[in-house]
Amino acid sequence: DHIPAAMRLSTQAGWNQLPIDWERLLAIWPERCIGGWIDQTLVATGTVARYEGGLSWIGMVLVDEAHRGRGLGKAIFDAAMARGDAPIIGLDASDAGRPLYQKRGFVDAARITRWTGVSSRRSPAIETHPLDPNDDARWQAAMRLDRECFGFDRSSLLKRLASEPANLAICCMDRSNISGFAFVRPGRTAFQVGPVVASSLAIADAIISGALNRLETTSPGARVQIDVVEQDNGFTETLARSGLVASRHLTRMFLDRIPTATPACYAAAGFELG
């Protein structure tokens, strides 16, 4: 019942969320989705994605523009922190939010850049295949690769993404093993591509090409966005060749301890999901 009011806040902020993005957070982490009300009106939100292995990710920190400057952002952030019971807590900070998080002990880890553009057809050098949770062997191989690369178990999130009918999940195979995968989901203003996990840049390039080709088939000329933690792995050149451009920069931050980055995580699941 709260989703329409939450959508009002994310739309007001110019964010890409659809109702299903709020539904997903509420379905997987219901006790970690927080709202703040004034006179029975939802005016602030915050969420915590909790991954097995010790990572909490804070996102969806929103305050109604009519109620800003009254400490509501700090209050909702404190409520989220109280639910971030993990050895490592992370978030992606805008330039406006970064000073607040620095005061709370968060430190910069890397710049994360949103690349946007229009989907276009390319010829991938490596064949891609659907990734279906009902194909147990293929799915378990993908989850093993994700745990190795991401460092934490986010299989509950990925299974939810794969089960949503409007979403696309594809992978590349190396004999019977998964060498990479990507998810694509619709958004309010653009399709979100991510996460993208791959064993090499060539696999990542093939997955992006395969994802854009499939999207071009179903939604010609669709606008896409992909959130990339900046690393020296050549992926930005792949995105530029795909016709995407850097449109927004945030700072990836962590409290107390920064986990070891891996070049195999080529794109994030999204700012609110890590």
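Look a little higher up for the structure.
Residues numbered from 1 in each chain as written. Predicted model: local features only at pLDDT ≥ 70, side-chain atom pairs only at ≥ 80, totals over all residues. Heavy atoms only, no water.

Caption draft 1: Geometry of the packing of helix 1 (residues 3-12) against helix 2 (residues 19-28). Closest axis-to-axis distance for the helix 1/helix 2 pair is 9 Å, and the angle between their directions is 120°. What the angle tells us is that helix 1 and helix 2 run oblique. Read as a crossing pair, helix 1 and helix 2 show a hand that is right-handed. Taken together, the residues of helix 2 that come into contact with helix 1 (itself represented by Ile3, Ala6, Met7 and Ser10) are Pro19, Trp22, Glu23 and Leu26. The residue inventory of the contact of helix 1 with helix 2, partitioned by class, reads six nonpolar, one polar and one charged. (Axes fitted to C-alpha atoms, helices over the stretch in contact; angles between N-to-C directions. Helix = DSSP H or I, 4+ residues; strand = E, 2+ residues; numbered from the N terminus. Parallel < 35°, antiparallel > 145°, perpendicular 65-115°, else oblique. Left-handed = near helix turned anticlockwise from the far one by under 90°. Contact = heavy atoms within 4.5 Å. Nonpolar A, V, L, I, M, F, W, Y, C, P; charged D, E, K, R; others polar.)

Caption draft 2: Main features of the packing of helix 5 (residues 136-150) against helix 6 (residues 155-163). Orientation of helix 5 relative to helix 6, taken along the N-to-C sense of each, is 135°, at an axis distance of 11 Å. In this view, helix 5 runs oblique relative to helix 6, as classed from their interaxial angle. The element helix 5 and its partner helix 6 pack so that their crossing is right-handed. Contacts from Trp139, Met143 and Asp146 of helix 5 reach helix 6 at Ser155, Leu158, Lys159 and Ala162. When the residues that make up the contact of helix 5 with helix 6 are grouped by side-chain class, the tally is four nonpolar, one polar and two charged.

Caption draft 3: Inspection of the side chain of serine 242 at higher detail. Structurally, serine 242 can be placed in the loop between helix 8 (235-241) and strand 11 (245-255). There is a polar contact of 3.1 Å between the side chain of serine 242 and the backbone oxygen of threonine 238. Not counting residues within four places of it along the chain, the set of residues in contact with serine 242 comprises Val118, Ser120, Arg122, Ile208 and Leu212. (Polar contact = N/O pair within 3.5 Å; in protein donor to acceptor, adjacent residues only side chain to side chain.)

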